[in-house]
Amino acid sequence: MQVIYKATVTSTSGRDGRAVSSDNFLDVKLSTPRELGGAGGEATNPEQLFAAGYSACFLSAIKYVAGQSKIALTADSSVRAEVGIGQIPGGFGLDVELFINLPGIADAVADDLIAKAHQVCPYSNATRNSLKVRLTLV
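The notes below deal with the structure included here. Please read all numbers here as calculations on a predicted model, not as lab measurements.

## Examining the packing of helix H1 (residues 46-68) against helix H2 (residues 107-120)
Next, step 1: Between H1 and H2, the least distance of the axes is 8 Å, while the angle of their chain directions is 115°. Of the two elements, H1 crosses H2, and the hand of that crossing is right-handed. In this structure, H1 contributes Tyr54, Phe58, Ala61, Ile62, Tyr64, Val65 and Ala66 to the contact, and H2 contributes Leu113, Ile114, Lys116, Ala117, His118 and Val120.
Next, step 2: Across the contact of H1 with H2, the residue classes break down as eleven nonpolar, one polar and one charged.

Structure, rendered in structure tokens:
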């Protein structure tokens, strides 16, 4: 693969620290959710960051395949990612579901766009053999 763009982020102190990108555009405080034994608080966590990245990337993949098929999406098209974390044998795993809203697009057409997007989305490709991602049209 020829890398076109590379993001660089450095995290310190794990789930109760900070994550900062090399260009300083991303600078977020991290905290462990209460559900995972942490203090919670007014900060984000890795699951929220993963959900933000996956939902944005998946919607961009839908836009890409829709553009190839000359299908116009409305400005209020959206993807909501729900990312859970839980124990699996030997560690922890993620549970991911994407809720895709494509107003004005017939269900059959939307299903086809979603299937094609799932093939081109880098997050989908990265998780394909290690994580079952549920795709739900809403």
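## As for a nonpolar patch on the surface
Next, step 1: The grouping of Leu36, Ile85, Phe92 and Leu94 at the surface amounts to a nonpolar patch, some 340 Å² of accessible area in total.
Next, step 2: When you line up the elements, Phe92 lands in strand E5 (residues 91-101).
Next, step 3: Relative accessible area serves as the criterion here: at 57%, Phe92 is assigned to the exposed category.

## Describing the side chain of Thr44
Next, step 1: For Thr44, the location among the structural elements is in the loop between strand E3 (27-29) and H1.
Next, step 2: With relative accessibility at 14%, the residue Thr44 sits in the buried group.
Next, step 3: At a separation of 2.7 Å, a polar atom in the side chain of Thr44 contacts the side chain of Gln48.
Next, step 4: If sequence neighbours within four positions are ignored, Thr44 has contacts with Val28, Lys29, Leu30, Ser31 and Leu49.

## Comments concerning H1
Note that an α-helix has 3.6 residues per turn; residues three or four places apart therefore point the same way.
Next, step 1: In this model, H1 (23 residues) spans 33 Å end to end at C-alpha, consistent with the 33 Å of a helix rising 1.5 Å per residue.
Next, step 2: Sitting at the head of H1, Asn45 places a side-chain oxygen 3.0 Å from the backbone nitrogen of Glu47.
Next, step 3: A positive backbone phi angle near 60° is found at Lys70, which sits one or two residues after H1.

## Re the sheet that holds strand E6 (residues 133-137)
Next, step 1: Read from one edge to the other, the open sheet built from three strands follows the order E4-E5-E6, with strand pairing classed as mixed. Only two strands of the sheet have a single partner each, and these edge strands are strand E4 (78-88) and E6. Neighbour-to-neighbour, the strand axes of this sheet turn through a mean angle of 20°, independent of strand direction.
Next, step 2: The strands touched by H1 within the sheet are E4, E5 and E6, with E4 carrying the most contacts at an inclination of about 140°.
Next, step 3: Across the sheet, H2 lies against E5 and E6, angled at about 155° from E6, the strand it touches most.

## Side note on the pattern of salt bridges
Next, step 1: One pass over the full model with this rule turns up six salt bridges.
Next, step 2: Among the charged side chains, a network of salt bridges with common partners joins Asp95, Glu97 and Arg134.

About the thresholds
- Residues numbered from 1 in each chain as written.
- Predicted model: local features only at pLDDT ≥ 70, side-chain atom pairs only at ≥ 80, totals over all residues.
- Heavy atoms only, no water.
- Axes fitted to C-alpha atoms, helices over the stretch in contact; angles between N-to-C directions.
- Helix = DSSP H or I, 4+ residues; strand = E, 2+ residues; numbered from the N terminus.
- Left-handed = near helix turned anticlockwise from the far one by under 90°.
- Contact = heavy atoms within 4.5 Å.
- Nonpolar A, V, L, I, M, F, W, Y, C, P; charged D, E, K, R; others polar.
- Patch = residues over 30% accessible without salt bridge, like charges linked within 9 Å, V, L, I, M, F, W, Y side chains within 5 Å.
- Areas by Shrake-Rupley, 256 points an atom, 1.4 Å probe, with all protein chains shown as cover.
- Salt bridge = Lys/Arg side-chain N within 4 Å of Asp/Glu carboxyl O.
- Buried < 20%, exposed > 50% of the residue type's maximum accessible area, 1.4 Å probe, protein only.
- Polar contact = N/O pair within 3.5 Å; in protein donor to acceptor, adjacent residues only side chain to side chain.
- Expected span 1.5 Å × (residues − 1).
- Pairing = 2+ DSSP bridges.

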